[in-house]
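Below are the chains, spelled out letter by letter.
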Amino acid sequence: MAIKTGKQYIDSLRDGRRLHIDGKVVSDVIAYKPLQGVIGTIASLHDDQHDPAYREVLTYSSPTTGEPVSTTYLEARTEQEFKALAGCFHLRAKRTFGLMGRLTDFMSAFLVDHAVALRALGKTEAAARAQGMVEHCRENDLQVTHALIDPQTDRSTLDAPSQAVQVVERRADGVVVSGCRMLSTLAPVANECYVGPYYPRQPGEEKFVLAFVVPMNAPGLSILARESFHRGEDAFDRPLSSRFDEGDAILMFDKVLVPHERMIVDGDLEAYNGMLSARPGYTPLQATIRSTMKLRFLAGMATAIARANGRDKLPRFQAAIGELIALVSVAEGIRAGAIAEGLRRAEAFAAGELKIEGDGISEPKAIGVCGGAAINFFFPYANTKAADVLRLAAGSGVLAMTGADYANPEVGPLMDKWLVGPGIDAKRRLQLMKLAWDMTGSEFGSRAGLYERLYSGDPEINAQRWFRSAITRECEQLVHELLKP
C-alpha cells in the first residue's frame, strides 16, 4: 500500500487497541466522539496527498516500490532534496497552523534520522532493522507516535527507574518487555509507537537500553490517555480544541512481545546513546518549521484581535506585535540555517564523518545544531511571548458568550448593535474572541503553553548539555586569546 486516503486511515484505527480515557475503555476509537475532530483533521492530511494541488509537494516515489509515499520520509542528501523535504513539512504545518506538535511528520524525520545515525556509527544490523521500520511506516503510510521518557517516579536522578520499559524475557520469536513510558502525544489516534532513547543510559542499565516499534494494538499494551479537551462544543466556540487536540498518553507495557525485526537496539549502549547525537538533523528541521508556523499563526492572531478592538492604533501594541514579526523573521532565518546545516551533515555522513566542523578561521570550528538549539530555547520563548501578546491584545474580551447566544433571536440583534469593533461586525468579533480564548484560556490553550515550554524536554538538562559542548570551550578561548601576552 502507498499513500492512504482519509477513509483508509480512519478504518485503520478500528484495530482492537485498548485505550483507557476518562474512566472508560474505548475499543472503537472512531466511535468515540471527543476524538472525531482530530481524526478528521489527520484524515484530511491523508486526502491532501491525493489532491493535485498538493501531491507534488507532499509525496515522492518510493525508493523500493516506485509508488507515491509521504515526502516526510525522504532521506534528503542534496540541496534540492532538503528543499523538497522542508517544503513538505511547511505545507503540512500550514494545513494544521503549526498546532500539532507531534503530527507523524516528527516521527517520520525521527525514524530516518536514527536509521542514518546507526549506519554512520557502523551499527550495520541495527541500522538495517531501523531502515526496515522506516520502510514499514513509509510504505503503509502510518501515523506514528513515540514514548521516549521514563515515568516520573524519581526526578532527582537520570538513572533508569525500575518502572521503566525493560526486558523481562527472551524468546525465539522476540523480546518480551514490561514497564511504563511517557508522554505519548498522538497515541490515541496513531497506528504505531516508537520506544527509544531521549536521555542517555549508563553501564549496568542494559536491560533498559531498547529501541523498538510496536503497533498500538499490540497484546499487553494499554494506552492511558488524558481526557480529551473537546467535549462536543461547537467549532465556533472551540475552533482549535475541536480540530487539533492530539491527545497525550502514558503507555503501559505488560509483557509485550517485540519481534526481533522490530527491535532496533537491544542492550547496545554505544548504539543507543550514539543515536541521540549522530544524526543528519531531519527532526530539528521538521520541528523548526512547525514551530515557525505556529509563531506565524500566533502573531497573526494577535494582529487580527488588535485590529478588531482598535488596539492596533496604539503604539504599545504596534511595538508588541512588531516584536513578534521580528521573531518570525528570526525563525525563518533559523529554518534556512537548519536546511543548510542538514545538507552539510548529510554530506559529512556520506564521507564517513559523524559531525561537521568549520575551519576555525572563516567560520567557527565547533558547529552546533541550530535547529536543536532553537527548539530547546528560542521557540519556547518566542511562542510563549506571542501567546502573552495575544492575551494582552484580547484583554477581557475573551470572556465572551457562545455562538448559541449569538444565534438567539432575542440577544443576537443586540450584539449586532453594540458588540462591534472598528470595521468588524459582532459575529466575526465574537468568533475572533472565542479563537483567542481557545488558544490561551481553555484546557487546549493551557496544554499548548505547557507543551511549548517542555517541547524538547527539561530546559535545565538541555542547557547543561549545551554547557558541555565544544562551543562553550571555543567561546571561552576567545577571552584567553585577547589576554595573551
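Above this text you will find the structure in question.
Per-chain numbering applies: the sequence of each chain, read as written, is numbered from 1 onward. A pLDDT threshold of at least 70 governs which residues receive local features in this predicted model, and a stricter bar of 80 or more applies before side-chain atom pairs are shown or counted, although totals over entire chains, interfaces and linings include all residues. Note that water and hydrogens are dropped before the side-chain values are worked out from all heavy atoms of the structure.

**Focus: the overall build of the chain**
Okay, step 1: The secondary structure content of the chain amounts to 17 helices and twelve strands.
Okay, step 2: Relative to the compact-globule value of 23 Å for 485 residues, the chain shows a C-alpha radius of gyration of 24 Å, a close match.
Okay, step 3: When the backbone C-alpha atoms are referred to their principal axes, the chain occupies close to 70 × 70 × 50 Å.
Okay, step 4: Whether a residue is buried, partly exposed or exposed follows from its accessible area with a 1.4 Å probe, protein chains only, as a fraction of its type maximum: under 20%, in between, or over 50%, in that order. Across the 485 residues of the chain, 53% fall into the buried class.
Okay, step 5: Throughout, a contact is declared for two residues whenever any of their heavy atoms are within 4.5 Å. Across the chain, every contact between residues at least 6 apart in sequence was considered, and the portion connecting residues at least 24 apart equals 77%.
Okay, step 6: His is not counted, nor are the chain ends; Lys and Arg add positive charge and Asp and Glu add negative charge. By convention, the point assigned to a charge is CZ for Arg, NZ for Lys, CD for Glu and CG for Asp. A gap of 4 Å separates the mean positions of the 56 positive and 60 negative side-chain charges of the chain. Strands are runs of DSSP state E lasting at least 2 residues, helices are runs of H or I lasting at least 4, and numbering of each runs from the N terminus. The reference for a compact globule is 2.2 Å times residues^0.38; the radius of gyration itself is calculated from the C-alpha atoms.

**Overview of helix α11 (residues 370-394)**
Okay, step 1: Multiplying 1.5 Å by the residue count of a helix minus one yields the expected span of that helix. Over its 25 residues, α11 runs 33 Å from end to end, which matches the ideal 36 Å to within 8%, given 1.5 Å per residue.
Okay, step 2: Given a residue, its bend is the angle between the two axes fitted to the seven residues that end at it and to the seven that start from it. The largest bend along α11 reaches roughly 45° and is located at Phe378, with the proline Pro380 sitting one to four residues downstream.
Okay, step 3: A positive phi of about 60° marks Gly395, the residue just after α11.

**Remarks on the pattern of salt bridges**
Okay, step 1: In what follows, salt bridge is the name for a side-chain nitrogen of Lys or Arg lying within 4 Å of a carboxyl oxygen of Asp or Glu. Tallied over the entire structure, the rule returns 34 salt bridges.
Okay, step 2: The residue Lys7 makes a salt bridge to Asp11 at a minimum N-O spacing of 2.8 Å. Taken as a pair, Lys7 and Asp11 lie in helix α1 (residues 6-12) at a separation of four residues, close to a single helical turn.
Okay, step 3: On the basis of relative accessibility, which here comes to 59%, the residue Lys7 falls in the exposed class.
Okay, step 4: Two residues, Glu452 and Arg290, come together in a salt bridge whose shortest N-O distance is 3.1 Å. Of this pair, Glu452 sits in helix α15 (residues 443-453) while Arg290 sits in helix α9 (residues 282-308), and the two are 162 residues apart along the sequence. Neither Glu452 nor Arg290 differs from the other in exposure class; each is buried.
Okay, step 5: Taken together, the salt bridges that share partners define one network made up of Arg226, Asp245, Glu246, Asp248 and Arg447.

**Let's talk about the sheet that holds strand β2 (residues 24-26)**
Adjacent strands of a sheet pair through backbone hydrogen bonds, lying either parallel or antiparallel.
Okay, step 1: Strand order in the open sheet made by the six strands is β2-β1-β10-β11-β7-β6, with mixed pairing throughout. The open sheet is flanked by β2 and β6 (166-171), the only strands paired with a single partner. Going from strand to strand, the sheet's axes swing by 20° on average, the running direction of each strand aside.
Okay, step 2: Between any two strands, at least two bridges found by DSSP are needed for them to pair. Pairing analysis gives three bridges linking strand β1 (residues 19-21) to β2, with the strands arranged antiparallel. Within β2, the position partnered with Leu19 by the bridge is Val26. A fitted line through C-alpha atoms represents every axis, and for helices the fit uses only the stretch in contact; the resulting angles, taken between N-to-C directions, go from 0 to 180 degrees.

**A short note on the layout of surface pockets**
Okay, step 1: Cavities and pockets are found on a 1 Å grid laid over the protein atoms alone: a cavity is a set of points where a 1.4 Å probe fits but cannot escape, a pocket is an open set with protein on both sides within 12 Å along at least five of seven lines, and a lining residue has an atom within 4 Å of such a point. Grid points are joined across faces, edges and corners, and a volume is the space filled by probe spheres set on the points. By volume, the second largest pocket is sized at about 180 Å³.
Okay, step 2: In this structure, the second largest pocket is lined by 13 residues; those nearest its centre are Tyr60, Pro63, Glu75, Arg77 and Arg138.
Okay, step 3: Counting only elements with at least two residues in the lining of the second largest pocket, the list comes to β3 (59-61), α5 (104-120) and α6 (124-139).
Okay, step 4: Sort the elements by how many residues they give to the lining of the second largest pocket and α6 lands first, with three residues.
Okay, step 5: Put simply, Ala, Val, Leu, Ile, Met, Phe, Trp, Tyr, Cys and Pro go in the nonpolar bin, Asp, Glu, Lys and Arg in the charged bin, and everything else, Gly too, in the polar bin. A per-class count over the lining of the second largest pocket returns six nonpolar, two polar and five charged.

**A word on the packing of aromatic side chains**
Okay, step 1: Classification of ring pairs rests on two measures: the distance between centres of Phe, Tyr or Trp rings, Trp counted by its six-membered ring, which must be within 6.5 Å, and the angle between planes, read as stacked under 30 degrees, edge-to-face over 60 and tilted in between. On inspection of all chains with the given rule, the structure shows ten aromatic pairs.
Okay, step 2: For the ring pair Phe97 and Phe244, a centre distance of 6.1 Å and an interplane angle of 75° mean the geometry is edge-to-face. Of this pair, Phe97 sits in the loop between α4 (79-95) and α5 while Phe244 sits in helix α7 (residues 241-244), and the two are 147 residues apart along the sequence.
Okay, step 3: We classify Phe97 as partly exposed; its relative accessible area is 31%.
Okay, step 4: Looking at Phe244, the relative accessible area reads 1%, which means it is buried.
Okay, step 5: Both rings, one in Phe212 and one in Phe253, keep their centres 6.0 Å apart while their planes meet at 90°; by these two values the pair is edge-to-face. Taken together, the residues span a long stretch of sequence, with Phe212 in strand β9 (residues 210-215) and Phe253 in strand β11 (residues 249-259) at a distance of 41 residues. There is no split in this pair, since Phe212 and Phe253 are both buried.
Okay, step 6: Members of the aromatic cluster, each reached through a chain of ring pairs, are Phe106, Phe110, Tyr194, Tyr451 and Tyr455.
Okay, step 7: Whether a charge lies above a ring is judged from NZ of Lys or CZ of Arg, which has to be within 6 Å of the ring centre and within 35 degrees of the ring normal. In this structure, Arg226 is placed above the aromatic ring of Phe229, and the distance from its NZ or CZ to the ring centre is 3.9 Å.

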